[in-house]
Amino acid sequence: MINSYIKGIAHYVPEKVLTNDDLSKMMDTSDEWIKTRTGIHQRHTVGDTHLGPADLAVSASEILFEKYLIDKDTIDFVVFATSTPDYFVPGSGSIFQEKMGLNNIGVLDIRQGCSGFTYALSVADKFIKTETYNNILVIGSEVQTTQLDFDDTGRGTAVLFGDGAAACLLSSTN
């Protein structure tokens, strides 16, 4: 039986950091209030750079390829999970595909919340087990901070989310 395995994984987060103290200047909160309820000290944000999930995914993928000496031409499918797409149409997977020059392979967008990356891994695993593909790039990428209310009405969610991407190469044991 053919199985899949994780050949490599990498992540990327934007350089700009938003601390709990930064948030306390925008809303009625404090570092202590956030840490005791969430354990979060800081989060990364794209800020006003206009970067989207596809951009963060490109950076994560480039780190993956370099770290594990992966030739991008060996990838035969992409599963891209996000709940914050660059645009409604086309999906972030297609934008990522164009930016990476992966023009001759398929891409599947999964619009899922917190479990999106796990769901994408599951879908990729099934494609490999059915021998449809051998090397699938699985992406999870979110740009949440551009959609949050950084004021008292958004305090319940703004303290939780940041921006970042993960890239994973799932390969066949065949």
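Structure: see above.
Model, not experiment: these values are computed from the prediction.

Reading the values: the criteria
Residues numbered from 1 in each chain as written. Predicted model: local features only at pLDDT ≥ 70, side-chain atom pairs only at ≥ 80, totals over all residues. Heavy atoms only, no water. Patch = residues over 30% accessible without salt bridge, like charges linked within 9 Å, V, L, I, M, F, W, Y side chains within 5 Å. Areas by Shrake-Rupley, 256 points an atom, 1.4 Å probe, with all protein chains shown as cover. Salt bridge = Lys/Arg side-chain N within 4 Å of Asp/Glu carboxyl O. Buried < 20%, exposed > 50% of the residue type's maximum accessible area, 1.4 Å probe, protein only. Helix = DSSP H or I, 4+ residues; strand = E, 2+ residues; numbered from the N terminus. Polar contact = N/O pair within 3.5 Å; in protein donor to acceptor, adjacent residues only side chain to side chain. Contact = heavy atoms within 4.5 Å. Axes fitted to C-alpha atoms, helices over the stretch in contact; angles between N-to-C directions. Parallel < 35°, antiparallel > 145°, perpendicular 65-115°, else oblique. Left-handed = near helix turned anticlockwise from the far one by under 90°. 1 Å grid on protein atoms, 1.4 Å probe; cavity = no way out; pocket = protein on both sides within 12 Å on 5 of 7 lines; lining within 4 Å. Points joined across faces, edges and corners; volume = space filled by probe spheres on them. Nonpolar A, V, L, I, M, F, W, Y, C, P; charged D, E, K, R; others polar. Phe/Tyr/Trp six-rings, centres within 6.5 Å; stacked < 30°, edge-to-face > 60°. Core = buried A, V, L, I, M, F, W, Y, C linked by side-chain atoms within 4.5 Å. Lys, Arg positive; Asp, Glu negative; His and termini not counted. Charge placed at Lys NZ, Arg CZ, Asp CG, Glu CD.

Some points on a nonpolar patch on the surface
Taken together, the side chains of Ile6, Ile9 and Tyr68 define a hydrophobic patch exposed on the protein surface, amounting to about 260 Å² of accessible area. Assessed through its relative accessible area of 32%, Tyr68 is described here as partly exposed.

Notes on the side chain of Thr84
Residue placement: Thr84 occurs in the loop between strand 4 (77-81) and helix 4 (92-100). Of note is the side chain of Thr84, whose polar atom sits 2.9 Å from the backbone nitrogen of Val143. Beyond its immediate chain neighbours, meaning those up to four positions away, Thr84 contacts Pro53, Ser141, Glu142, Val143, Gln144 and Gln147.

A closer look at the packing of helix 3 (residues 53-68) against helix 4
Running from amino to carboxyl end, helix 3 crosses helix 4 at an angle of 50 degrees, the nearest separation of the two axes being 9 Å. Judged by the angle between their axes, helix 3 and helix 4 are oblique. As for the relative orientation of helix 3 and helix 4, their crossing is right-handed in sense. On helix 4, the residues that touch Pro53, Ala54, Asp55, Ala57, Val58, Ser61 and Phe65 of helix 3 are Ser92, Ile95, Phe96, Lys99 and Met100.

Some points on the layout of surface pockets
The probe, sized like a water molecule, is rolled over the atoms to show the empty space still left. In this structure, the largest pocket occupies an estimated 260 Å³ of space. In terms of lining, the largest pocket is formed by Ser83, Gly113, Cys114, Gly140, Ser141, Glu142, Gln144, Phe161, Gly162, Asp163, Gly164 and Ala166. Sorting the residues of the lining of the largest pocket by element identifies strand 6 (135-143) and strand 7 (163-172) as the ones contributing at least two each. The residue makeup of the lining of the largest pocket, split by class, is 3 nonpolar, 7 polar and 2 charged. The volume enclosed by the second largest pocket comes to roughly 170 Å³.

Concerning the packing of aromatic side chains
According to the stated counting rule, one finds 4 aromatic pairs in the structure shown. With a centroid separation of 5.1 Å and an interplanar angle of 65 degrees, the aromatic rings of Phe77 and Phe127 are classed as edge-to-face. Taken as a pair, Phe77 in strand 4 and Phe127 in helix 5 (residues 116-129) lie far apart in primary sequence, 50 residues in all. We classify Phe77 as buried; its relative accessible area is 8%.

Things to note about the environment of Val159
Mapped onto the secondary structure, Val159 falls in the loop between helix 6 (155-158) and strand 7. Classification of Val159 as buried rests on a relative accessible area of 2%. C-alpha of Val159 to C-alpha of Arg43: the two residues are 116 residues apart in sequence and 8.5 Å apart in space. In this view, Val159 contacts Leu23, Met27, Trp33, Ile34, Ile40 and Arg43; residues no more than four positions away in its chain are not counted.

Considerations on the nonpolar core
Ranked by internal contacts, the top residues of the largest apolar core, which has 24 residues, are Leu64, Phe65, Ile75, Val78, Phe96, Leu137 and Ile139. Listing elements by their share of this core, those giving two or more residues are helix 3, strand 4, helix 4, strand 6 and strand 7. When neighbours within four sequence positions are excluded, Ile75 is seen to be in contact with Phe65, Ile105, Asn135, Leu137 and Leu169.

Details of a negative patch on the surface
Residues Asp28, Asp149, Asp151 and Asp152 make up a contiguous surface patch of negative charge. Tracing the backbone shows Asp28 in the loop between helix 1 (20-24) and helix 2 (31-38). Accessibility expressed as a relative area gives 56% for Asp28, which makes it exposed.

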